[in-house]
Amino acid sequence: MPREPYYVQSLERGLAVIRAFDAQHRELTLSDVARACGLTRAAARRFLLTLTDLGYVRTDGRLFSLAPRVLELGYSYLSSLSLPEVAEPHLERLVAQVRESSSIAVLDGDDIVYVARVPTSRIMRVAINVGTRFPAYATSMGRVLLAALPEPELEAYLTRAKLEPLTDRTICSPIALRAELDRVRVQGHSIVDQELEEGLRALAAPIRDRSGAAAGAVNVSVHAARATVDEIRERLLPPLLAATAAIEADLRIANRNPTVA
């Protein structure tokens, strides 16, 4: 597809080099980066050395890794977003009450992105941190956020989304997903039973801003061996809804205060 006249391909490639590093690939060689980003070794070397000069990447001469300064790239967004800061105390109280991990995510394209998290114990193979992304269709937070989209945006999502089977329980049919999102919209919460990862059940509810739009979502995640779906709904839904109501109330206060970003 042709690029727009303003499109800067070198910027795209530079960001791709940064994204090549993750929890499974903390250190990469020049060849690793070139292969991951579809670049020549010469191009990958130029990007890596430029990022090193800027302080975003460090190297011992053979292996490259991200430097702490790369956090600046996300800090501007997080520092301008009042949701994580306002919600954190409520997440901590919720976790203390239910003794299960809780997170907040926002919708970013076709994914959810974690912006706050209070864990109890690790129950997923993948470590979850602020900035972790998952496909929206297979997550409880993603579903409450998708269900809150205006109809044209939801229809566009269902048309373009690649619904892949992450487990044998994952909803992969656009028709079935649409039916589930309709149900989520009516009931006001979502429970996902081992669709993102075997052994993981999660419950989520939206956080609504003053206009009624979903600004984010809060979840509680539970190992399947510890609670059935019915037990999750009975035991965890009331405290989760109380937490989202408290977050919404504080957000309304924060948004009236010009000193709060």
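Residues numbered from 1 in each chain as written. Predicted model: local features only at pLDDT ≥ 70, side-chain atom pairs only at ≥ 80, totals over all residues. Heavy atoms only, no water.

### A short note on the packing of aromatic side chains
Aromatic rings in a pair are described by how distant their centres are and how their planes are angled relative to each other.
Phase 1 of the analysis: Throughout the structure, instances matching the rule amount to one aromatic pair.
Phase 2 of the analysis: Look at Tyr 114 and Phe 134: their rings are 5.9 Å apart centre to centre, the planes differ by 80 degrees, and that puts the pair in the edge-to-face class. Here the residue Tyr 114 occupies a position in strand β5 (residues 111-118), and Phe 134 occupies one in strand β6 (residues 133-135), the gap between them amounting to 20 residues. Taken as a pair, Tyr 114 and Phe 134 share a single burial class, namely buried. (Phe/Tyr/Trp six-rings, centres within 6.5 Å; stacked < 30°, edge-to-face > 60°. Helix = DSSP H or I, 4+ residues; strand = E, 2+ residues; numbered from the N terminus. Buried < 20%, exposed > 50% of the residue type's maximum accessible area, 1.4 Å probe, protein only.)

### Examining the confidence of the model for the protein
Phase 1 of the analysis: On average, residues of the protein score 89 in pLDDT, and 91% of them are at 70 or above.
Phase 2 of the analysis: For residues 257-261, every residue scores under 50 in pLDDT, and the model assigns this stretch six contacts once sequence neighbours within four places are set aside. (pLDDT = per-residue confidence, 0-100. Contact = heavy atoms within 4.5 Å.)

### Section: the sheet that holds β5
Phase 1 of the analysis: Strand order in the open sheet formed by six strands is β6-β5-β4-β9-β8-β7, and the pairing between neighbours is antiparallel. The outermost strands of the open sheet, each flanked by one partner alone, are β6 and β7 (190-193). Going from strand to strand, the sheet's axes swing by 30 degrees on average, the running direction of each strand aside.
Phase 2 of the analysis: Bridge count between β7 and strand β8 (residues 200-208): four bridges; the pairing is antiparallel. (Pairing = 2+ DSSP bridges. Axes fitted to C-alpha atoms, helices over the stretch in contact; angles between N-to-C directions.)

### Describing the pattern of salt bridges
Phase 1 of the analysis: In this structure the tally under the stated criterion is 14 salt bridges.
Phase 2 of the analysis: If you follow the salt bridges from partner to partner, you end up with Glu 100, Arg 226 and Arg 235 in one network. (Salt bridge = Lys/Arg side-chain N within 4 Å of Asp/Glu carboxyl O.)

### Quick notes on the sheet that holds strand β1 (residues 28-29)
Phase 1 of the analysis: Judged by pairing direction, the sheet is antiparallel, and its three strands sit side by side in the order β1-β3-β2 without closing on themselves. Two strands bound the open sheet, and with one partner strand each, they are β1 and β2 (57-59).
Phase 2 of the analysis: The sheet contact formed by β2 and strand β3 (residues 63-66) spans three bridges and is antiparallel. Counterpart to Thr 59 in the pairing with β3 is Phe 64.
Phase 3 of the analysis: Seen against the sheet, helix α3 (residues 41-54) touches β2 and β3 and runs at an angle of roughly 105 degrees to β2.

### Things to note about the layout of surface pockets
Phase 1 of the analysis: As a volume, the second largest pocket reaches approximately 160 Å³.
Phase 2 of the analysis: If you trace the second largest pocket, you find it lined by Ser 10, Leu 11, Gly 14, Leu 15, Ile 18, Phe 47, Thr 50, Leu 51, Leu 54, Tyr 56 and Leu 73.
Phase 3 of the analysis: For the lining of the second largest pocket, the secondary-structure elements that each account for two or more residues are α1 (9-19) and α3.
Phase 4 of the analysis: If you tally residues by element for the lining of the second largest pocket, the top one is α1, at five residues.
Phase 5 of the analysis: When grouped by side-chain class, the residues that make up the lining of the second largest pocket number eight nonpolar, three polar and no charged. (1 Å grid on protein atoms, 1.4 Å probe; cavity = no way out; pocket = protein on both sides within 12 Å on 5 of 7 lines; lining within 4 Å. Points joined across faces, edges and corners; volume = space filled by probe spheres on them. Nonpolar A, V, L, I, M, F, W, Y, C, P; charged D, E, K, R; others polar.)

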